[in-house]
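Architecture at a glance
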Amino acid sequence: LSAAMDTESTYSGYSHYSGHSKKAHRQGRDRHKSPRSKDGSRSEKSVTIQTPPAEPLLGNDASRTEEGQDDNWGETTTAITGTSEHSISQEDIARISKDLEDSVGLDCKRYLGLTVAAVLGLLVFLTPIAFILLPQILWRDVLEPCGTVCEGLFISVAFKLLILLIGTWALFFRQPKADIPRVFVFRALLLVLIFLFVFSYWLFYGVRILDSKDTNYQGIVQYAVSLVDALLFIHYLAIVLLELRQLQPMFTVKVVRSTDGESRYYSLGHLSIQRAALVVLENYYRDFPVYNPALLTASKSRAAKHMAGLKVYNVDGNNASGQSRAMIAAAARRRDSSHNELYYEEADHERRVKKRRARLVVAVEEAFTHIKRLQAEEQQKAPGEMMDPREAAQAIFPSMARALQKYLRTTRQQQYHSMESILQHLSFCITNNMTPKAFLERYLSPGPTLQYDRDRWFSKQWTLVSEEAVTSGLQDGIVFVLKCLDFSLVANVKKIPFIKLSEEFIDPKSHKFVLRLQSETSV
């Protein structure tokens, strides 16, 4: 009797948690039937509890306590039960620490490269000016006077240096988007070329002008002008190698996500493997739907359930091979009927999704009918009833919260939408006078990865795996893999085939037709 009273009190607690009808009470009993007692044996499964943010619904800073948690949104506390997929061992901890050390090394390498490029750029811009000023400082008394042509060259040098400065700023001084494992070959070659070029000019200047103290000042200025012209041509070469060369599509890359098989196709030009991987990642966050591991647990649990139902008894003392053959045969017989279970499970899931989607659409439309944008003259009539967009969102949110939360649970999207993010999106829609369909667009279908909170989707570390050197160019048949913690992206490169297009001329006068009349026709 006491055990029955304890069980009844447990179920009544869950009924108080839901706060709904008796039907919902019975559903709550079925849903929470697994945890019998604290001392009872549990199955070997891990339970992860994700709670909504501890921020109150009305945004009152004074009520940021446990008692101030919103009761309506408290029902969205999600318990995801499934087989544990990840574990942390000493090797994993050592690997994580190694990754941190590698990231520190990458930062040092990046700043070292930026420092070398900045010093070389400063040397390039100061060299023409030094060529002009050094004769004026060292042997000004013996220099020939600078005529009109020489003074005109000063203006030419000034404007060419200004153009070179703007072009260098636009091409090179851009915030890096990522850290690549190897150096950018063309950029390194350009830096080496510029260094050799400036060094050659300084060597010639020191031998032929500084040592001899040349008195032809116009010739010295002309020498500085030629240096600036050559630097402009090198800048044009940098534009061709770094920007224009990769614009023409030459390869098609198929990118497949390893966990769910989501795939996209991209056209790329002449790029190295590491830069192609960077382009793939940039497009991945924009084009691929967000990775949802909860959608993969259903198939895994179904397969585990079928294998768990198989039992082999060793009666005659047969060997292990006979047991394995019997188990495979039994699994094959059960597989013949598993497709019916899969069909009915998917049909039932689609029915529940459509039902809860309809409820959500109706609830949101009804909630939006309670909001009216006040005009300028109406704002003066009822100043006490006005609300800003945040307050309006908080006022209508409880009427749609339950329907939205049920739909997100059914579609397994609840981990990507917190209460605060939903309120912000609702406030944004109210501010911009958007319709209920525009508000629901984010939740009715999974969006791209960039749509969600950065802390939830952003992977800070990707590993590029390739059989070829990552600095080599793309070729037909190359496969490289981009790995992160939860999944990997497999990229297969195919060369765009050569297309032979022929021409056929048709004389416009040849378009003549004859009407064929038959007895059955109505003409």
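Reading guide: rules and limits
- Residues numbered from 1 in each chain as written.
- Predicted model: local features only at pLDDT ≥ 70, side-chain atom pairs only at ≥ 80, totals over all residues.
- Heavy atoms only, no water.
- Helix = DSSP H or I, 4+ residues; strand = E, 2+ residues; numbered from the N terminus.
- Buried < 20%, exposed > 50% of the residue type's maximum accessible area, 1.4 Å probe, protein only.
- Contact = heavy atoms within 4.5 Å.
- Areas by Shrake-Rupley, 256 points an atom, 1.4 Å probe, with all protein chains shown as cover.
- Phe/Tyr/Trp six-rings, centres within 6.5 Å; stacked < 30°, edge-to-face > 60°.
- Lys NZ or Arg CZ within 6 Å of the ring centre and 35° of its normal.
- Expected span 1.5 Å × (residues − 1).
- Salt bridge = Lys/Arg side-chain N within 4 Å of Asp/Glu carboxyl O.
- UniProt positions renumbered as here; feature names shortened; annotations may be inferred.
- Pairing = 2+ DSSP bridges.
- Axes fitted to C-alpha atoms, helices over the stretch in contact; angles between N-to-C directions.
- Parallel < 35°, antiparallel > 145°, perpendicular 65-115°, else oblique.
- Left-handed = near helix turned anticlockwise from the far one by under 90°.
- Nonpolar A, V, L, I, M, F, W, Y, C, P; charged D, E, K, R; others polar.
- Disulfide = S-S within 2.5 Å.
- pLDDT = per-residue confidence, 0-100.
- Bend = angle between axes of the 7 residues up to and from the residue.
- Patch = residues over 30% accessible without salt bridge, like charges linked within 9 Å, V, L, I, M, F, W, Y side chains within 5 Å.

**Considering the overall build of the protein chain**
Scanning the protein chain from terminus to terminus reveals 15 helices and 7 strands. A total of 523 residues make up the protein chain; the buried ones form 28% of that total. For the protein chain, the share of sequence-separated contacts (at least 6 apart) that also reach a separation of at least 24 residues comes to 73%. Put simply, the protein chain shows about 35900 Å² of open surface, and 57% of that area lies on carbon and sulfur atoms.

**Considering the packing of aromatic side chains**
Here the structure, examined in full by the defined rule, presents 20 aromatic pairs. Ring geometry for Phe 195 versus Phe 199: centroids 6.3 Å apart, planes at 20 degrees, classification stacked. Of the two residues, Phe 195 and Phe 199 are both situated in helix α6 (residues 185–210); the distance of 4 residues between them amounts to about one turn of the helix. Seen from their ring centres, Tyr 205 and Tyr 223 are 6.3 Å apart, and the 20 degrees between their planes marks the pair as stacked. Of this pair, Tyr 205 sits in helix α6 while Tyr 223 sits in helix α7 (residues 217–244), and the two are 18 residues apart along the sequence. Connected via pairs of aromatic rings, a cluster forms that spans Phe 131, Phe 197, Tyr 201, Trp 202, Phe 204, Tyr 205 and Tyr 223. Residue placement shows Arg 257 over the ring face of Phe 487; its charged tip is 5.9 Å from the ring centre. A cation over an aromatic ring shows up here: Arg 264 above the ring of Phe 288, its NZ or CZ 5.3 Å from the ring centre.

**Here we look at α6**
Look at α6: 36 Å from first C-alpha to last across 26 residues, which is about the 38 Å you get at 1.5 Å a residue. All buried positions along α6 are accounted for by Leu 190, Ile 194, Val 198, Tyr 201, Tyr 205, Gly 206 and Ile 209.

**Structural notes on the pattern of salt bridges**
Tallied over the full model, the rule gives 8 salt bridges. Here Asp 260 makes a salt bridge to Arg 257, at a shortest N to O gap of 2.9 Å. Between Glu 262 and Arg 264 there is a salt bridge; the shortest N-O distance is 2.9 Å. Here Glu 262 falls in the partly exposed class, since its relative accessible area comes to 25%. Each of Asp 348, Arg 351 and Arg 352 takes part in salt bridges that share partners, so that together they form one network.

**Some points on the UniProt feature "transmembrane region" (unreviewed entry) in the protein chain**
As recorded in UniProt, the sites labelled "transmembrane region" (unreviewed entry) are residues 111–133, 153–172, 184–204 and 224–244. Helix makes up 100% of residues 111–133 and strand 0%. Its end C-alpha atoms lie 32 Å apart. Segment residues 184–204 splits into 95% helix and 0% strand. End C-alpha atoms: 31 Å apart.

**Examining the sheet that holds strand β7 (residues 488–495)**
Spatially, β4-β3-β7-β6-β5 is the arrangement adopted by the 5 strands of the open sheet, whose pairing is antiparallel. Of all the strands in the sheet, just β4 (263–268) and β5 (463–466) have a single pairing partner and so form its edges. Each strand axis lies, on average, 20 degrees off the axis of its neighbour in the sheet, ignoring direction. Here 7 bridges tie strand β3 (residues 251–257) to β7, and the two strands are oriented antiparallel to one another. Residue pairing in the sheet places Arg 257 in a bridge with Leu 489 of β7. The strands that helix α8 (residues 273–287) touches are β3, β4, β5, β6 (479–483) and β7; relative to β6, the one it contacts most, it runs at about 55 degrees.

**Brief notes about the packing of helix α13 (residues 419–431) against helix α14 (residues 436–444)**
Direction vectors running N to C along α13 and α14 enclose 150 degrees, while the axes themselves pass 9 Å from each other. By the criterion of interaxial angle, the relationship of α13 to α14 is roughly antiparallel. By crossing handedness, the relation of α13 to α14 is classed as right-handed. Contacts between α13 and α14 involve Ile 422, His 425, Leu 426 and Cys 429 on the former and, on the latter, Ala 438, Phe 439, Arg 442 and Tyr 443. When the residues that make up the contact of α13 with α14 are grouped by side-chain class, the tally is 6 nonpolar, 1 polar and 1 charged.

**So, the packing of helix α5 (residues 148–171) against α7**
As a packed pair, α5 and α7 sit with axes 10 Å apart at the nearest point and diverge in direction by 20 degrees. For the element pair α5 / α7, the angle class is roughly parallel. Seen from above, α5 lies across α7 with left-handed handedness. The residue inventory of the contact of α5 with α7, partitioned by class, reads 17 nonpolar, 6 polar and 3 charged.

**Here's the deal with the state of the cysteines**
Using the criterion set out here, one finds 1 disulfide in the structure. Across the disulfide, Cys 146 is cross-linked to Cys 150 (sulfur-sulfur distance 2.0 Å). Across the S-S bond of Cys 146 and Cys 150 the torsion is about -115 degrees, and the bridge reads as left-handed. Its relative accessible area of 25% is what places Cys 146 among the partly exposed residues.

**Topic: the confidence of the model for the protein chain**
Summarising the model, the protein chain shows a mean pLDDT of 75, and 66% of its residues fall at 70 or more. By mean pLDDT, the top-scoring element of the protein chain is β3 (95), and the lowest-scoring one is strand β1 (residues 46–50) (33). Note on residues 1–94: pLDDT under 50 across the span, and 78 contacts to partners over four residues away in sequence or across chains.

**Let's talk about helix α12 (residues 389–410)**
For α12, spanning 22 residues, the distance from its first C-alpha to its last is 29 Å, which sits close to the expected 32 Å at 1.5 Å a residue. At Met 400, α12 shows its largest kink, close to 50 degrees. Note on α12: the residue one or two positions beyond its end, Arg 412, has a positive phi of about 60 degrees.

**Considerations on unusual backbone geometry**
One non-glycine residue, Arg 412, lies in positive phi territory at about 60 degrees. Turning to its location among the elements, Arg 412 is positioned in the loop between α12 and α13.

**Notes on a nonpolar patch on the surface**
Together, Phe 154, Ile 155, Phe 159, Leu 162, Leu 165, Ile 166, Trp 169 and Phe 173 make up an exposed nonpolar region whose accessible area comes to about 880 Å². Mapping Phe 159 onto the fold places it in helix α5. Looking at Phe 159, the relative accessible area reads 53%, which means it is exposed.

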